[in-house]
Amino acid sequence: EPEVTQTPSHQVTQMGQEVILRCVPISNHLYFYWYRQILGQKVEFLVSFYNNEISEKSEIFDDQFSVERPDGSNFTLKIRSTKLEDSAMYFCASLLTNEQFFGPGTRLTVL
Amino acid sequence: SQQGEEDPQALSIQEGENATMNCSYKTSINNLQWYRQNSGRGLVHLILIRSNEREKHSGRLRVTLDTSKKSSSLLITASRAADTASYFCATDINDYKLSFGAGTTVTVRA
């Protein structure tokens, strides 16, 4: 069964450093998403991406965040200058019709 | 305001018992979805119910949707230890994002 994959599974970084979280969505899916979940809290929508551009973004997705689909398979989330409060699980998801398929997540720890 | 608020926050049951959790939301939806998350892991899609459906079954799962009350319930029948997880409802307002609730943590005791 096709699945969304994410790398790395765990990323540790120093405050102020740039990180890139990578996702490979399911190949025939058209919509792509990033969500995050701070430990013990709700899963929060960050951004959606369709037709090579951002469809919608939340208030969390400020100028420090960017997304890219550099080729036909990868979908990346970049955080330019990480803050302590960026520590969270980051989930990528992709969608064809109605159901969003989630990846296993990347745990980002900012020290 | 947040969509998809679940209750109870936590539920502890004996193996073999049924578990019921509820979700309320605030605005009109296209569909409502339930996800499971094992501790520290990813989200597993369980079931999707469209706004024009009232009930849906999948294995030991039964989901109801009452759009007049803006609420949904998830019933897990004959629970097993492996059902221990957090369960989230998520509302799909448009094609672009899901809004998740805080979740119900279910513990199934052997």
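Now for a description of the structure that goes with this document. (Residues numbered from 1 in each chain as written. Chains lettered and ligands numbered in written order. Predicted model: local features only at pLDDT ≥ 70, side-chain atom pairs only at ≥ 80, totals over all residues. Heavy atoms only, no water.)

1. A closer look at the side chain of B:H45
The cut-off we apply is this: To qualify as a helix, a DSSP run of H or I must reach at least 4 residues; to qualify as a strand, a run of E must reach at least 2; elements of each kind are numbered from the N terminus. Under the rule applied, a polar contact is a pair of N or O atoms within 3.5 Å (in protein, one hydrogen donor and one hydrogen acceptor; residues adjacent in sequence only if both atoms are side-chain atoms). The contact definition used throughout considers only heavy atoms, calling two residues in contact when any of these lie within 4.5 Å.
Inspection of the secondary structure puts B:H45 in strand β5 (residues 43-50). Here the side chain of B:H45 touches A:E99 through a polar contact of 3.2 Å, side chain to side chain. Among the polar contacts made by the side chain of B:H45, one reaches the side chain of B:Q33 at a distance of 3.1 Å. Contact partners of B:H45, with chain neighbours within four places excluded, come to A:E99, A:Q100, B:Q33, B:W34 and B:Y35.

2. Things to note about the packing of aromatic side chains
Residues and elements named next belong to chain A. Definition in use: Pairing of aromatic side chains here covers Phe, Tyr and the six-membered ring of Trp, requires ring centres within 6.5 Å, and sorts the geometry by plane angle: under 30 degrees stacked, over 60 edge-to-face, intermediate tilted.
The final tally for this structure, using the stated rule, is 13 aromatic pairs over all chains. Arranged with centres 5.3 Å apart and planes meeting at 45 degrees, the rings of F49 and F75 form a pair that is tilted. Taken together, the positions of F49 in strand β5 (residues 43-50) and F75 in strand β8 (residues 75-79) put the pair 26 residues apart, joining distant regions of the chain.

3. Quick word on a nonpolar patch on the surface
Let me state the cut-off plainly: By definition, no residue in a patch forms a salt bridge, and every one has over 30% relative accessible area; like charges are joined within 9 Å, nonpolar side chains (Val, Leu, Ile, Met, Phe, Trp, Tyr) within 5 Å. Calculation of accessible area relied on Shrake-Rupley with a 1.4 Å probe; when residues are assessed, cover is drawn exclusively from the protein chains displayed. Basic side-chain nitrogens of Lys or Arg form a salt bridge, by our definition, when they fall within 4 Å of a carboxyl oxygen of Asp or Glu.
On the surface, A:L30, A:Y50 and A:L96 cluster together into a nonpolar patch covering about 240 Å² of accessible area. For A:L96, the position within the fold is in the loop between β9 (88-95) and β10 (100-102).

4. What about the pairing of strand β9 (residues 85-94) of chain B?
Residue and element names in this part refer to chain B. Going by this rule: To sort residues, take the accessible area from a 1.4 Å probe on protein chains only and compare it with the maximum for the residue type: under 20% means buried, over 50% means exposed, and anything in between is partly exposed. Note: two strands are recorded as paired if DSSP finds a minimum of 2 bridges between them.
By the criterion of burial, β9 is predominantly enclosed, with eight of the ten residues buried. Here seven bridges tie strand β4 (residues 31-37) to β9, and the two strands are oriented antiparallel to one another. Bridging from a neighbouring strand, Q33 pairs with A90 of β9. Bridging between β9 and strand β11 (residues 104-109) involves three bridges; their strand directions are antiparallel. Paired with Y87 across the strands is T104, a residue of β11.

5. Structural notes on the sheet that holds strand β8 (residues 71-76) of chain B
All names here are of chain B. Formally: For every element, the axis is a line fit to its C-alpha atoms; helices are fit only across the contacting stretch, and the angle between N-to-C directions ranges from 0 to 180 degrees.
What the five strands build is an open sheet, ordered β1-β3-β8-β7-β6; its pairing is antiparallel. Edge positions in the sheet fall to β1 (5-7) and β6 (55-58), since each has one partner strand and no second. Within this sheet the neighbouring strands show an average axis-to-axis angle of 20 degrees, counted without direction.

6. Thoughts on the interface of chain B and chain A
Worth spelling out the cut-off: Buried area: the accessible area, evaluated with a 1.4 Å probe, that two parts lose upon being put together, summed over both parts. Polar here means any residue outside two lists: the nonpolar Ala, Val, Leu, Ile, Met, Phe, Trp, Tyr, Cys and Pro, and the charged Asp, Glu, Lys and Arg; Gly therefore counts as polar.
Facing the 24 residues of chain B at the interface are 19 residues of chain A. Each partner contributes to the roughly 1,700 Å² buried at the junction of chain B and chain A, and carbon and sulfur atoms together form 52% of this total. The tally of links from chain B across to chain A stands at two salt bridges. Here A:K42 makes a salt bridge to B:E5, at a shortest N to O gap of 2.6 Å. At the boundary of chain B with chain A, the tally comes to six residue pairs in polar contact (both at pLDDT 80 or more). The set of elements that each furnish at least two residues to the side of chain B that touches chain A consists of β4, β5, β9 and β10 (97-100) of chain B. Among the residues making up the side of chain B that touches chain A, the classes are represented as eight nonpolar, ten polar and six charged.

7. Thoughts on the sheet that holds β8(A)
Residues and elements named next belong to chain A. In space, the four strands of this open sheet follow the order β1-β3-β8-β7, with antiparallel pairing throughout. Looking at the sheet topology across the chains shown, the edges are occupied by β1 (5-7) and β7 (65-68). The mean inter-strand angle of the sheet, taken between neighbouring strand axes irrespective of direction, is 20 degrees.

8. What to know about the pattern of salt bridges
Pairing between side chains of opposite charge can happen when the charged atoms of each approach one another. Under the defined criterion, the tally for this structure stands at six salt bridges over all chains. One salt bridge connects A:E44 with A:R36, and the closest N-O pair in it is separated by 3.2 Å. Classification of A:R36 as buried rests on a relative accessible area of 10%. With a closest N to O distance of 3.9 Å, B:E53 and B:K56 form a salt bridge. Exposure remark for B:K56: the relative accessible area of 27% places this residue in the partly exposed category.

Functional significance is not addressed by these values, which are geometric in nature.
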